[in-house]
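One-letter residues, chain by chain:
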Amino acid sequence: MTALSPDLAPAALTRTDDGASRRTANPWLRFVLRRLVSLVLVLLGLVTVTFALVRLVPGDPAAILAGLNQTHSTVAIIRHNLGLDRPALSQYFSYIWGVLHGRLGRSFYTSQAVSSLLVQRGIPSAQLAGTALILVMLISIPGGMIAAALTRDGRRRHFEAVFSAVTSVFGAIPEFLMATLLAFVFAVALHLLPVAGNGGVQSLVLPVLAISLRPIAVLLRLVRVEALNVLSQDYIRTARSKRLGWRAIYLRHVLPNALTPVLTIGGVLFSSLIAGAVVVENVFARNGLGTALVSAVLGRDYPVVQGIVLVLGVTVVIVNAIVDFLLALTDPRSLTGQA
Amino acid sequence: MLGHNGSHDSKLEVHDLRVTYASGHRALTAVSGVSLAVPAGQTLGIVGESGCGKSTLAKAIVGLAPVTAGRIALDGADCTAIRKRESLQFRRAVQMVFQDPYGSLSPRMTVGGMLTEVLATHKLATRQGRRAEAARVLGLVGLSEQDLDKHPHQFSGGQRQRIAIARALCVQPEVVINDEVTSALDASAQARVLNLLKRLQRELRLSYVFISHDLATIRYMSDQIAVMYLGRIVEYAPTADLFATPKHPYTRALIDSIPAFGGDLVTAPLAGEVPDPARPPQGCRFHTRCPVGPLADPTRQICIESDPQAEATDRPHRTACHFATTKEDSWAIASPPPLSSA
Amino acid sequence: MRRAFFRSPTAVIGLLLLLLVIVIAIIGPIIMGTKAAQLNPSAFDETPSFQHLLGTDSLGRDIFARLVAATRTTITVSVAAAAIGAVIGIPLGLCAVVLPRYPRIILLRFIDSLIAFPGLLIAIFVAAVLGPSATSAGLGVGIALSFSFARVSSTLALSIAGRDYMAAARILGIGWTRRIFRHVLPNAGETLVIATTVSISSSIVAISSLSFLGLGIQPPSYDWGSMLTLGVASFYTNPAGALGPAAAIAISALAFGLVGEALARAMNPLLWGELRPVMLASPIGFRSRFRRRSTAAHRQPGSQHLADRDAVLEVSDLVVEFPRPTGPVAVVDRVSFAVRRGERIGIVGESGSGKTMTALAISQLVPYPGTVRGQLELCGQEVAYIPHGELPAFLGRSIGIAFQDPASSLNPALRIQTQLTESAHANQHADRKQAQSIALQRLAEVRLPAPADQMRKHPHELSGGMRQRVMLAISLMNQPAVLLADEPTTALDVTVQAQIMELLAEINSLHGTAIILISHNLALVSQNCDRVLVMYAGRIVEDISVEKLVEGPRHPYTRGLLASLPDLRQPTDEELVQIEGSAPDLADLPPGCPFSPRCPLAIAQCQEEPPLVELSGGGRVACWVTMAATTAS
């Protein structure tokens, strides 16, 4: 027994903050607060950028927007519609006010409220992106873990080589190329699936595949590498020394640690899904936000462009915040920034 | 503050140094009021466990950590201002060798490149003569000219440390700060590096600050020793005196904790662990673990109320403790409580 | 470096493709320009033929010719966009290093939030604002790329800035320009090269996507992307019109990517020599099965089977081998010893001596390519004869292990409680309540303060000493007969070390658990063990009781170890004894005694391997000189 019983001086013995029990509620609270604040700031930044960009371009923004076939009257109409004849700051505030109330202006061409357009065209896009996201998660995470288990310690080098080659190839094929190839193989050559159209599950298959295959390949590689990394850690050796079964080791010990880096790029992954969706919708002629965006850009329909970019941006920001939250759940060190 | 009050033949002096980091919402004072002096041509050893601030102290001296208060003087000349310590003049006089032999050498440079770069920066050799000079310095640490063209990863840990020492020697320094330089090495490499350092000190008349957590190594290398705990110096003495008559309870605990070769297992002299440096205990920082403090003898409340100041004195052996006596005395005053059932 | 580059087949392929692309970019419009512009309205949408390798498009133009001619446009705009990205992004990211703390945090968060946005959207937005054109496409993609450049360069710069060699350069007085160019950039070079080539790859894809959508290069100019638009429109009649440009885009992107990877690998001096095999721990499968009794030929000459009825652990002729390109290397070479119930033995050696691997072999945790041979008897049972299904639980109940670095040996994602109870679940089939109470009991035994509170915490919330106590508690969950402690205190303060050693002694006396303490510290082992095994180059060179060790060890290596360590009685004016030479390369051992090259007492006979023999006074030694001396006396 040591010279002094440790119970006599508990405060000195721990490296944790004294009064740790007082603070257990706080790390989460502080974290949520911090995230909320940065969320609001980023959203504000997004709104500001979409507002400011067209006004920052040298020259008369209304004239730029009017394009080549402008006359004085069209320019004047545009200027009035966008409120460009008012002082900048008042434009900014009325814009923000409008955004908060869901008023995003009207299309130059159809005069449809942008907000209703967003809803109308947003749903098919959400279906597409959402299905793709689920598919990516369901295949990549278990797939990567299995690949890691099979190739750990340099086992099965042939399998590893094939795995690497296949994922490299699929990871390098951009969405529109994949869409083109899939369309060729399944629609043109095999007549199995429709190449265009908006109806039903069948028309969803090719677009979803086109968007998902690249992220799946990229994520499979990443999950495998991260899982291998985790497998080489000392704490897995400790887990082995407890003679735990493979389920306990992979699901309880490896998975949370391997997920952390995966979640970290989760936000970026989602963005690329959205970008992919925009392109693929145009290949398969689906009536989503992607096609709406392109035609709006080509037709210089600025309020629609602004609205779509805003909505997509907000989605990305919110998804990233969710990812951060999930990250805090799986990696307790990130709460206090100790990772 | 406990420490050395300076004397005429001190090469490097530090007075009442304070180093504070702003860490999150709390400020962390890693070094709070340290004074010491390195006599010319001798070694000052600084020993302490985790959280004592010895590495921060070293970094502060060379300008890698911010000096919040206090003075630093080289050869009597004040050089507390950061630009003075970042000057080439100071850099020529004071050099440092790090703990990690794998991280302190750039993986992409050749050994020769590292050495000639230093020579070029300080204009210590002509363009033609740099390589020869680099080879000479490398010879001082027991490596050969062929090693100039190799990369760090081709060497062992002990050899890399010797390269790091050679790099520091290129400027012909007067003071070398050794921060845990043998802690990451095997026993055989350790012996070699320690012997080398001693030999270089004799031949080149170097003054050393030698930092370590290992008391035995410190004892072997140092002429004077400062024992640190939680940012303060708790005892300061010539080496022989420190080990013959350690006065501070922490020093005694450190000495007793070292496994004696072939000795019997003793009860651990100290319970608990070092408190969080961000929240040091009130009064004497050691009182929460002190075997002769308020935990052992509740009448010794002074340890909680007041921080033992250094005696303002020129005596060579100083300690910061309200009850500093020899070991025999203190054990008689407050014998440890009987082994409880805890 | 050139050799390193060309060693990889993918690099060579990539380089060839890249050269092809660049050459075509340069000469394409010259040789195919006119043919590409030839309109032939009557021959539209034709499928590939000898005359038109990819067929014709809806205006009768030769697709192949247009493809070749479009190379220059596509590649130039893409490279320009990547350049814009680098020029904006890299300095932005580098700012992170020079900024003080709070502005830096804000900058990094800012960059992080920018990264989150889809690059394509940003490019489309810019195109919307400026009007679709090649310039706006290049600018838009460039801006989008700049965010990833900023992120990469800030991470890189911060990581390099934190390295010791950067601090050393500052202290040496090396100026900041030199530090950037001679220290930062060479170490950052690899990553930047990859980042640049990857960005060119992405740029090619992005520009082509924009053109495909009609937002990039506008007619009459064309690039692969806009060709793709036309091709998709006539997909059913002539698929080659779409597949051709699509393939061109993919191949160019791939070429840049491959070359970038190969360049980066070639720039890393660590990869120029032999690739060292990386050993990973395998989590399942007990690959190191012990073979049946080895034949006499495998035994180390003169080794004896130590029959001891009271032994909880008996190891005979243990060999652990790893395959190397030059042939298998034995990191543990015919090790034999026994441990009695309640005995405390220490295994001492420097790094590479095989002491840790011996412990791993005993507990069946040798990592994958390693193979184990020899006999192992645990608690009186020969391990090789235990049925495969019962082996894990048997081992779990017989051996406990505490590893060296408690910081990395505990899973950071799991609570302490889980890491304790799961051992009881797996090896004792305890239910939740039982396991929890056992866990609390063990935590109290290792003197962890406030055990109930600590159970709910995660490892990073505990101090080093507390973590090591938890590790010990985990290893004791199933009350094993043997506890293996591999350098349990190396990462701890010396005052905490004393506490842990005292704890081990308590465990030994309270439960009768045999303890095998592995360390490089001879003094620590001598204080805490009854007997010491000294290992060198995978072999036991001395087996001696602590009493005899204190009187004076026999083997020259042990003597050297003892003499070279500064302890509190060392005369400070004498040089420390150095053991000459350096640690042996296990793949290239000299014949005979492995220590002979460094041994001050080596004689001619040492060319022949000395057996590990028992000495009359007790203990064992593997040394001809010692044997001669003891027989003489």
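For every chain, the first residue of the written sequence is number 1, and numbering continues from 1 onward in sequence order. Whichever chain is written first becomes A and whichever ligand is written first becomes 1, with later ones labelled in order. pLDDT decides what is reported in this predicted model: residues at 70 or higher carry local features, side-chain atom pairs at 80 or more are listed and counted, and totals for whole chains, interfaces and linings draw on all residues regardless. Water and hydrogen atoms were dropped before computing side-chain values, which therefore reflect all heavy atoms in the structure.

(A) Main features of the overall build of chain C. Numbering of helices and strands runs from the N terminus; a helix is a DSSP stretch of H or I covering at least four residues, while a strand is a stretch of E covering at least two. A tally of regular secondary structure across chain C gives 22 helices and 12 strands. As defined in this context, the radius of gyration uses C-alpha atoms, and a globule is described by 2.2 Å times the residue total to the power 0.38. For 633 residues, the compact-globule formula gives about 26 Å, and the C-alpha radius of gyration of chain C, at 34 Å, lies well above that figure. In terms of overall dimensions, chain C has a C-alpha envelope of 110 × 60 × 60 Å along the principal axes. Relative accessibility under 20% of the residue-type maximum defines a buried residue, over 50% an exposed one, and the middle range a partly exposed one, all with a 1.4 Å probe and only protein chains included. In chain C, buried positions account for 57% of the 633 residues. The long-range share in chain C, meaning contacts at least 24 apart out of those at least 6 apart in sequence, stands at 66%. For every accessible area listed, the method is Shrake-Rupley and the probe measures 1.4 Å; residues are considered covered only by the protein chains on display. Roughly 25900 Å² of accessible area belongs to chain C as shown, and the carbon and sulfur atoms make up 61% of that amount. Charge counting treats Lys and Arg as positive and Asp and Glu as negative, with His and both chain ends excluded. By convention, the charge on Lys lies at NZ, on Arg at CZ, on Asp at CG and on Glu at CD. In chain C, the 50 positive side-chain charges and the 47 negative ones have mean positions that sit 6 Å from each other. Contact criterion: two residues are considered in contact whenever any of their non-hydrogen atoms come within 4.5 Å of each other.

(B) Inspection of the overall build of chain B at higher detail. The number of helices and strands found in chain B is 12 helices and 11 strands. The buried share among the 342 residues of chain B stands at 59%. At a minimum sequence separation of 6, the contacts of chain B that also span at least 24 residues come to 65%. With the model as given, the accessible surface of chain B reaches about 12900 Å², and the carbon-plus-sulfur share is 50%.

(C) Local environment of helix α10 (residues 202-231) of chain A. The end-to-end C-alpha separation of α10(A) is 41 Å, in line with the 44 Å expected for 30 residues at 1.5 Å each. In the structure, α10(A) departs most strongly from a straight axis at A:Ser212, where the bend amounts to approximately 35 degrees and where the proline A:Pro215 lies between one and four residues downstream. Here the expected length of a helix is defined as 1.5 Å per residue gap, with one fewer gap than residues. Here the bend at a residue is taken as the angle between two axes, fitted respectively to the seven residues that end there and the seven that start there.

(D) Region of interest: the pairing of strand β4 (residues 69-74) of chain B. Residues and elements named next belong to chain B. The pairing of β4 with strand β5 (residues 77-78) spans two bridges and is classified as antiparallel. Bridged to Leu 74 within β5 is Ala 77. Connecting the antiparallel pair β4 and β5 is a turn made up of two residues, with Asp 75 showing a positive phi of about 55 degrees. Strand pairing requires that DSSP identify at least two bridges connecting the strands.

(E) Region of interest: the sheet that holds strand β6 (residues 399-402) of chain C. All names here are of chain C. Strand order in this open sheet of eight strands is β6-β7-β8-β3-β9-β10-β12-β11, and the pairing throughout is mixed. The two strands at the open ends of the sheet, each matched to only one other strand, are β6 and β11 (613-614). Judged from the five bridges that link them, strand β3 (residues 344-348) and strand β8 (residues 514-519) form a sheet pairing that is parallel. By the bridge assignment, Val 348 is partnered in β8 with Ser 519.

(F) Just the nonpolar core, in detail. Take the buried Ala, Val, Leu, Ile, Met, Phe, Trp, Tyr and Cys residues and link them wherever side-chain atoms come within 4.5 Å; each set so joined is a nonpolar core. Counting residues in hydrophobic clusters, the biggest one holds 118 residues, and the most contacted among them are A:Phe176 and C:Ile124. With 13 residues, the single largest contributor to this core is helix α15 (residues 302-330) of chain A. Both domains that meet at this core, namely domain 1 (38-103) and domain 2 (114-335) of chain A, each give it at least three residues. Not counting the four nearest positions on each side in its chain, C:Ile124 is found in contact with A:Val278, A:Leu293, A:Val297, C:Leu210, C:Leu213 and C:Leu215. Within the second largest apolar cluster, 99 residues are counted, among which are C:Val335, C:Phe394, C:Phe403 and C:Leu533. What marks off one domain from the next here is an automatic or database domain assignment.

(G) Representation of the interface of chain C and chain A. With 79 residues of chain C at the contact, the number on the chain A side is 75 residues. Buried surface area refers to the total accessible area, computed with a probe of radius 1.4 Å, that the two partners give up upon joining, counted for both partners together. Across the interface of chain C and chain A, roughly 7000 Å² is buried in total on both sides, 71% from carbon and sulfur atoms. Any carboxyl oxygen of Asp or Glu that lies within 4 Å of a side-chain nitrogen of Lys or Arg is treated as forming a salt bridge with it. The tally of links from chain C across to chain A stands at two salt bridges. The salt bridge involving A:Arg252 is made with C:Glu422; its shortest N-O contact spans 2.3 Å.

(H) Spotlight on the packing of helix α7 (residues 164-171) of chain C against helix α8 (residues 176-212) of chain C. All names here are of chain C. At a minimum axis separation of 11 Å, α7 and α8 run at an interaxial angle of 175 degrees. When the axis of α7 is compared with that of α8, the two are roughly antiparallel. Each of Tyr 165, Met 166, Ala 169 and Arg 170 in α7 lies in contact with α8, whose residues at this interface are Arg 179, His 183, Val 184 and Asn 187. Looking at the contact of α7 with α8 residue by residue, the classes come out as four nonpolar, two polar and two charged. The angle between two axes is taken between their N-to-C directions and runs from 0 to 180 degrees, where each axis is a line fitted to C-alpha atoms and a helix contributes only its stretch in contact. When describing relative orientation, an angle under 35 degrees is termed roughly parallel and one over 145 degrees roughly antiparallel, while 65 to 115 degrees is termed roughly perpendicular and anything else oblique. Under this grouping Gly is polar, as are all residues other than the nonpolar Ala, Val, Leu, Ile, Met, Phe, Trp, Tyr, Cys and Pro and the charged Asp, Glu, Lys and Arg.

(I) Just the packing of α8(C) against helix α10 (residues 240-266) of chain C, in detail. Residues and elements named next belong to chain C. Contact geometry of α8 with α10 gives a least axis separation of 8 Å together with a crossing angle of 175 degrees. One way to sum up the angle between α8 and α10 is to call them roughly antiparallel. Contact with α8, carried on its side by Glu 190, Val 193, Ile 194, Thr 197, Ile 200, Ser 201, Ile 204, Val 205 and Ser 208, involves Ile 249, Ser 252, Ala 253, Phe 256, Gly 257, Gly 260, Leu 263 and Ala 264 of α10 and no other residues of that element. Split by residue class, the contact of α8 with α10 holds 10 nonpolar, six polar and one charged.

(J) Examining the packing of aromatic side chains more closely. Residues and elements named next belong to chain B. Centres within 6.5 Å are what make two rings of Phe, Tyr or Trp a pair, Trp counting through its six-membered ring; a difference in plane orientation under 30 degrees is then read as stacked, over 60 as edge-to-face, and the rest as tilted. Counted under the stated rule, the structure contains seven aromatic pairs over all chains. Judged by centre distance (5.3 Å) and plane angle (65 degrees), the rings of Tyr 250 and Phe 286 are edge-to-face. In this pair, Tyr 250 sits in helix α10 (residues 249-257) while Phe 286 sits in the loop between α10 and α11 (302-305), placing the two residues 36 residues apart along the sequence. Phe 286 carries the same exposure label as Tyr 250, and that label is buried. Among the aromatic residues, those joined into a ring-pair cluster are Tyr 229, Tyr 250 and Phe 286.

(K) Expanded view of the interface of chain B and chain C. Of the residues lining the interface, 66 residues belong to chain B; the matching set on chain C comes to 66 residues. Buried surface at the junction of chain B and chain C, summed over both partners, amounts to about 5700 Å²; 55% is from carbon and sulfur atoms. For the chain B face of the interface with chain C, the top three residues by lost area are B:Arg108, B:Phe261 and B:Leu265, together amounting to 15%. Applying the counting rule to chain B against chain C returns two salt bridges. The closest approach of N and O atoms between B:Glu86 and C:Arg170, which form a salt bridge, is 3.4 Å. Here a polar contact is taken to be a pair of N or O atoms separated by no more than 3.5 Å, where protein atoms must pair a possible hydrogen donor with a possible acceptor and residues adjacent in sequence count only if both atoms sit in side chains. For the pair chain B and chain C, the number of links is 23 residue pairs in polar contact (both at pLDDT 80 or more). Going through the elements one at a time, α3 (88-93), β6 (94-97), α4 (111-121), α6 (157-169), α7 (187-204), α8 (215-221) and α10 of chain B are the ones with two or more residues in the side of chain B that touches chain C. Per-element accounting of the side of chain B that touches chain C gives the leading share, seven residues, to α7(B). A per-class count over the side of chain B that touches chain C returns 32 nonpolar, 20 polar and 14 charged.

(L) Region of the structure containing the pairing of strand β3 (residues 43-47) of chain B. All names here are of chain B. Most of β3 is tucked away, with five of its five residues classed as buried. Direction of pairing for β3 relative to strand β8 (residues 207-212): parallel, over a ladder of five bridges. Paired with Val 47 across the two strands is Ser 212, which belongs to β8.

(M) A look at the pattern of salt bridges. Counted according to the given criterion, the structure contains 35 salt bridges over all chains. Note that B:Glu174 and B:Lys11 form a salt bridge whose closest N and O atoms lie 2.7 Å from each other. With B:Glu174 in the loop between α6 and β7 (175-179) and B:Lys11 in strand β1 (residues 10-23), this residue pair connects regions lying 163 residues apart in the sequence. For B:Lys11, a relative accessible area of 14% puts it in the buried group. The network of salt bridges with shared partners includes C:Arg340, C:Glu343, C:Arg531, C:Asp543 and C:Arg620.

(N) Spatial organisation of the sheet that holds strand β1 (residues 311-322) of chain C. All names here are of chain C. Across the sheet, which stays open at both edges, the four strands sit in the order β2-β1-β4-β5 with antiparallel pairing between neighbours. A single partner strand is all that each edge strand has here, and the edge strands are β2 (329-340) and β5 (381-382). Pairing geometry for strand β4 (residues 371-378) and β5, over two bridges, is antiparallel. From the neighbouring strand, Glu 377 faces β5, where its bridge partner is Glu 382.

(O) Expanded view of unusual backbone geometry. Residues and elements named next belong to chain C. At the junction of Pro 219 and Pro 220, the peptide bond is cis and its omega measures out at 5 degrees in the coordinates. Of note, Pro 220 is situated in the loop between α8 and α9 (224-233). The backbone of Cys 379 shows a phi angle near 50 degrees, a positive value even though the residue is not glycine. Residue position: Cys 379 is located in the loop between β4 and β5. In the Ramachandran plot, Ala 450 falls in the positive-phi region, its phi being about 50 degrees despite a non-glycine side chain. With respect to the helices, strands and loops of the structure, Ala 450 is situated in the loop between α15 (432-445) and α16 (451-455). Residue Ala 450 is classed as partly exposed on the basis of its relative accessible area of 39%.

In short, geometric facts, not functional conclusions.
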